[in-house]
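# Structural overview for review
So the chains spell out like this:
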Amino acid sequence: MISTYNLNHLRELEAESIYVIREVAAQFEKPGLLFSGGKDSICIAHLARKAFYPAHMPFPLVHIDTGHNFQETLDFRDSFVKEIGANLIVRSVQDSIDQGRATEEKGTNASRNMLQTVTLLDAIEELQLDACLGGARRDEEKARAKERFFSHRDEFGQWDPKNQRAELWNLFNGRKNMGEHFRIFPISNWTEMDVWQYILLENLEMPSIYFSHKRNIINRSGLLLSDSAFLNKKDGELPEEMTVRFRTIGDMTCTGAVESTAVTVADVIEEVAAARETERGTRADDKRTEAAMEDRKKEGYF
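Right, let's walk through the structure included here.

Thresholds applied
- Residues numbered from 1 in each chain as written.
- Predicted model: local features only at pLDDT ≥ 70, side-chain atom pairs only at ≥ 80, totals over all residues.
- Heavy atoms only, no water.
- Pairing = 2+ DSSP bridges.
- Helix = DSSP H or I, 4+ residues; strand = E, 2+ residues; numbered from the N terminus.
- Axes fitted to C-alpha atoms, helices over the stretch in contact; angles between N-to-C directions.
- Core = buried A, V, L, I, M, F, W, Y, C linked by side-chain atoms within 4.5 Å.
- Buried < 20%, exposed > 50% of the residue type's maximum accessible area, 1.4 Å probe, protein only.
- Contact = heavy atoms within 4.5 Å.
- 1 Å grid on protein atoms, 1.4 Å probe; cavity = no way out; pocket = protein on both sides within 12 Å on 5 of 7 lines; lining within 4 Å.
- Points joined across faces, edges and corners; volume = space filled by probe spheres on them.
- Nonpolar A, V, L, I, M, F, W, Y, C, P; charged D, E, K, R; others polar.
- Salt bridge = Lys/Arg side-chain N within 4 Å of Asp/Glu carboxyl O.
- Parallel < 35°, antiparallel > 145°, perpendicular 65-115°, else oblique.
- Polar contact = N/O pair within 3.5 Å; in protein donor to acceptor, adjacent residues only side chain to side chain.

### Concerning the sheet that holds strand β9 (residues 240-245)
Within the closed barrel, the four strands sit side by side as β7-β8-β10-β9. Their pairing is antiparallel. Here the average twist between neighbouring strands, direction ignored, is 70°. In this sheet, strand β8 (residues 223-226) lies alongside strand β7 (residues 213-220) in antiparallel orientation, the contact comprising four bridges. Bridged to Asn-219 within β8 is Leu-224.

Written out as structure tokens, the structure is:
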């Protein structure tokens, strides 16, 4: 049940996000929506449908596929795109590796997550995208808290956190030079709780991986990683069947689960309310260094 206060709060966030999305359509020639099949990108796609209804979204969905994604997410992505009649463009990290544009990591903590940057920047250049909408939120991680709604990227696709444009009274400056582009974050002001309450309010379908299920897990120093052929195991690491769900979805090799019994959206909301760790706290890629996310973003990461 959503209180009147929360309902008003969610509708205000919705209106703000729709305004941002419409500004993107007004200011840019070739935007794209970065779509992973995760809850945040699903919400943005839903908001974009509302923004332009009864017309179709005026931009494609773009998925950067690491090749190590959860199958549940890929299945949901395909069914979702078919249902809404969107144009889906997929670019593969494996292709970047095969072309010598990216180098596969080695060792037990190897992941393709960082390699997405190369594939993403190549896709932006190939498709000539001048703006990419993404699902990052300021509550997720301290580097993402520095982002504006309209986040400028230079001709190399890089981000300078010290060179951000003012956004007073929701006036957005999308001016750019040739070769530059913008990352747009319509749900910047949302929290994880806001997202799940909005999912409940709008009755949005989510990938099954977000809800409690049994899975073979490798417990790596408290990080619960899904056992798969993509995970390089350490000596003595053996899978254990656990009842878990995922709070965030990414590459299987670096996305950790949490023990959970939440089988409905309402159950998830209760868990989020009681959580003492952010959802990005389950991501191994954010733990490599103190400034891991900011370093990746400076290079052109999502």
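Back to the write-up after that little detour.
### Overview of the nonpolar core
Grouped together as the largest cluster of nonpolar side chains are 56 residues, with contacts concentrated most on Ile-21, Leu-33, Phe-150, Ile-184 and Trp-196. For this core, the elements supplying multiple residues, two or more each, are α1 (4-27), α2 (39-52), α3 (71-84), β4 (131-133), β6 (181-184), α6 (192-202), β9 and α7 (265-274). At eight residues, the largest contribution of residues to this core is made by α2. Discounting chain neighbours no more than four positions away, the residues touching Ile-21 are Ile-44, Leu-47, Ala-48, Ala-51, Phe-52, Phe-59, Leu-133 and Pro-186. Ranked by size, the runner-up nonpolar core spans 14 residues in total, among them Ile-89, Val-93, Leu-120 and Ala-123.

### Considering the layout of surface pockets
Estimates place the volume of the largest pocket at around 360 Å³. When residues of the lining of the largest pocket are assigned to their parent elements, the largest contribution, three residues, is made by helix α5 (residues 116-127). Classifying every residue of the lining of the largest pocket gives five nonpolar, five polar and eight charged.

### Remarks on the pattern of salt bridges
Applying the stated criterion across every chain, the model contains 16 salt bridges. Between Arg-11 and Glu-14 there is a salt bridge; the shortest N-O distance is 3.1 Å. Taken together, the residues Arg-11 and Glu-14, both in helix α1 and three residues apart, mark about one turn of the helix. Classification of Arg-11 as partly exposed rests on a relative accessible area of 31%. Take Glu-14: its relative accessible area is 10%, and that puts it in the buried class. A salt bridge links Glu-202 to Arg-11, with the shortest nitrogen-to-oxygen separation between them at 3.0 Å. Placement of Glu-202 in helix α6 and of Arg-11 in helix α1 is noted, with a sequence separation of 191 residues between them. Classification of Glu-202 by relative accessible area gives buried; the value is 17%. When salt bridges with common partners are traced through the structure, they connect Arg-11, Glu-14, Lys-50 and Glu-202 into a single cluster.

### Some details on the packing of α1 against α6
Describing two packed helices takes the angle between their axes plus the distance from one axis to the other. Between α1 and α6, whose axes approach to 10 Å, the crossing angle comes to 100°. What the angle tells us is that α1 and α6 run roughly perpendicular. On α6, the residues touching Asn-6, Leu-7, His-9, Leu-10, Arg-11, Leu-13 and Glu-14 of α1 are Asp-194, Gln-197, Tyr-198, Leu-201 and Glu-202. By residue class, the composition of the contact of α1 with α6 is five nonpolar, three polar and four charged.

### With respect to the sheet that holds strand β5 (residues 150-153)
Strand order in this open sheet of six strands is β3-β2-β1-β4-β6-β5, and the pairing throughout is mixed. Pairing within the sheet leaves two strands with one partner each, and these edge strands are β3 (88-92) and β5. Geometrically, the sheet is characterised by an average inter-axis angle of 30° between neighbouring strands, direction not taken into account. In terms of strand pairing, strand β2 (residues 61-65) meets β3 through five bridges, oriented parallel. Counterpart to Val-62 in the pairing with β3 is Ile-89. Packed onto the sheet, α1 meets β1 (31-34), β4, β5 and β6 and runs at close to 40° relative to β5.

### Looking at the side chain of His-152
On the secondary structure map, His-152 appears in strand β5. Judged by its relative accessible area of 15%, His-152 falls in the buried class. There is a polar contact of 3.0 Å between the side chain of His-152 and the side chain of Glu-180.

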